[in-house]
Number of protein chains: 2
Amino acid sequence: MAAQPRWFQALNDALSLPENKGKIVYQLATTDLHNIPRVRSLQHRDFLIPKGLPSVPIILTTTDIRTPKVPQLLSTPTVEVVWWLDGTQEQFRITGKATVIPSREHPLHRTIDIPHDSALAVLNSEGEESSPGKYDWEKKRREVFDSMNSLRPVWARPPPGTVLESYDDAKAWPVTLPKLAEAETEEDKKNLEIAISNFALLLIEPTVVDWVQLGVKPDRRTKFTKEGQEWTEQILVP
Amino acid sequence: MAAQPRWFQALNDALSLPENKGKIVYQLATTDLHNIPRVRSLQHRDFLIPKGLPSVPIILTTTDIRTPKVPQLLSTPTVEVVWWLDGTQEQFRITGKATVIPSREHPLHRTIDIPHDSALAVLNSEGEESSPGKYDWEKKRREVFDSMNSLRPVWARPPPGTVLESYDDAKAWPVTLPKLAEAETEEDKKNLEIAISNFALLLIEPTVVDWVQLGVKPDRRTKFTKEGQEWTEQILVP
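Residues numbered from 1 in each chain as written. Chains lettered and ligands numbered in written order. Predicted model: local features only at pLDDT ≥ 70, side-chain atom pairs only at ≥ 80, totals over all residues. Heavy atoms only, no water.

## Some points on the overall build of chain A
- A tally of regular secondary structure across chain A gives five helices and 12 strands.
- Taking 2.2 N^0.38 as the reference for a compact globule, 238 residues should give roughly 18 Å; the C-alpha atoms of chain A span a radius of gyration of 19 Å, in line with that estimate.
- The dimensions of chain A, computed from C-alpha atoms along their principal axes, are 60 × 45 × 40 Å.
- By the burial criterion, 53% of the 238 residues in chain A qualify as buried.
- Relative to all contacts within chain A whose residues are 6 or more apart in sequence, the contacts with residues 24 or more apart total 59%.
- Looking at chain A as shown, the accessible area adds up to about 10,900 Å², and 51% of this sits on carbon and sulfur atoms.
- For chain A, the separation between the mean place of its 29 positive charges and that of its 33 negative charges on side chains is 2 Å. (Helix = DSSP H or I, 4+ residues; strand = E, 2+ residues; numbered from the N terminus. Rg over C-alpha atoms; globule rule 2.2 N^0.38 Å. Buried < 20%, exposed > 50% of the residue type's maximum accessible area, 1.4 Å probe, protein only. Contact = heavy atoms within 4.5 Å. Areas by Shrake-Rupley, 256 points an atom, 1.4 Å probe, with all protein chains shown as cover. Lys, Arg positive; Asp, Glu negative; His and termini not counted. Charge placed at Lys NZ, Arg CZ, Asp CG, Glu CD.)

This is the structure:
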């Protein structure tokens, strides 16, 4: 069975160092509908590793289904993530295919397209202990939402990018929200319903990883390209 | 006369805080020739502020004229820079038009296109004390190169992205290079000639700035759009 790739080990090693502690913000680049590049910072949430295909760890982050990056991702699913680790002066550029998983009730749910030869398809067919043979994305989505803690109310706001009259308008928005199963007041229930309907998983399946190490002398650059289920490695001029 | 814009003041204020000390790495997104987004980290170098148009500060960074981002920038000059300031949890997304200024002898020098109504055109027509009426880009390029210090030898290497046999191949590359006027050995002179021929300025003239402040409560988002020589402001849902 294919092992975890060397770039993934290197990334985990770098993240485990004290000088990179808490460095879970990376930048996601997309192409907009006019082929203009767009880029914004996101928080990394997790890696999903198919048991039957540990050589292809899938990046898990989240989004609001109402943001402009969603139509951008649907139109041009090939994206690039750049993860700059200041503490060790390392950069991981990860090119991959993005998949957005919204609420089962959302109209965009039908756009989910999992290619049959993808790691996502392997993960999908494995399921979990509680649902063997079919990954329960709705359960995963709700679990990740519950883990968002102080961020949960963000998805109960008006759509990101809506024009406001004043910064004070934000004071009307919910400040905290309980986990999905823990709502007691009618207001929390209503806000949780809005928030979970807007919350979406964003998965990125890597195909190329370009790793630059500026913290070693001489500096190094290594490019990993997925071929079939394995990765080939090339040493490049940084 | 138009003053410096509020987003620029906010960015300078954020950069001057001790918690953002040394945070001069941002990410530049481009679209490649297949309309795939590409993004990499760059070091900020300076802002060029036209005396006659201080409302439009121009971002100055640098590149190797041999990197893939150069044809990407020439094909799709609208780019996006994202500057994440971890210390204050602030993000500046700057959309703008990129201009690459290579050596005067480089074939791409003729592709330099400065629109007549741009801040770059204003700067260009102002020149400097030593060359009034026409900005001396070659002088600026050489000055910025000289300021690169320990990075100067980087531009004397083989083209970025060239495949190597081994990490040890890098040990043959120059480790230090003097300033342009200070070369004494033939080897330094030869390497400096290569390096300065590959070194290029990369200028980005902002048209939209999207400023997100996650470090204040409630968090804030403000969008600045250049209209003529002024900026309009909109408060947005983050």
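That was the structure; now back to the text.
## Let's talk about the UniProt feature "domain: Pyridoxamine 5'-phosphate oxidase Alr4036 family FMN-binding" (unreviewed entry) in chain A
- Here, UniProt's "domain: Pyridoxamine 5'-phosphate oxidase Alr4036 family FMN-binding" (unreviewed entry) annotation points to residues 5-101 of chain A.
- As a span, residues 5-101 of chain A carries 19% helix and 45% strand, and end to end its C-alpha atoms are 25 Å apart. (UniProt positions renumbered as here; feature names shortened; annotations may be inferred.)

## Looking at the packing of helix H4 (residues 137-146) of chain B against helix H5 (residues 186-198) of chain B
All names here are of chain B.
- The N-to-C vectors of H4 and H5 enclose an angle of 120°; their axes lie 10 Å apart at closest approach. Relative to H5, the element H4 is oriented oblique. When you trace H4 past H5, the crossing you get is right-handed. Of the residues in H5, those touching H4 at Arg-141, Arg-142 and Phe-145 are Leu-192, Ala-195 and Ile-196.
- Here the contact of H4 with H5 is built from residues that sort into four nonpolar, no polar and two charged. (Axes fitted to C-alpha atoms, helices over the stretch in contact; angles between N-to-C directions. Parallel < 35°, antiparallel > 145°, perpendicular 65-115°, else oblique. Left-handed = near helix turned anticlockwise from the far one by under 90°. Nonpolar A, V, L, I, M, F, W, Y, C, P; charged D, E, K, R; others polar.)

## A few points about the pairing of strand E11 (residues 220-227) of chain B
Residues and elements named next belong to chain B.
- As paired elements, strand E10 (residues 199-213) and E11 share six bridges and run antiparallel to each other. Counted as the bridge partner of Val-212 is Arg-221 from E11.
- In textbook terms, the turn of a hairpin is the stretch between consecutive antiparallel strands, and for E10 and E11 this stretch comprises six residues.
- Sheet analysis places E11 next to strand E12 (residues 230-236), joined by seven bridges and oriented antiparallel. The partner of Arg-221 across the bridge, within E12, is Leu-236.
- Counting the residues in the hairpin turn of E11 and E12 gives two residues, including Gly-228, whose phi is positive at 65°. (Pairing = 2+ DSSP bridges.)

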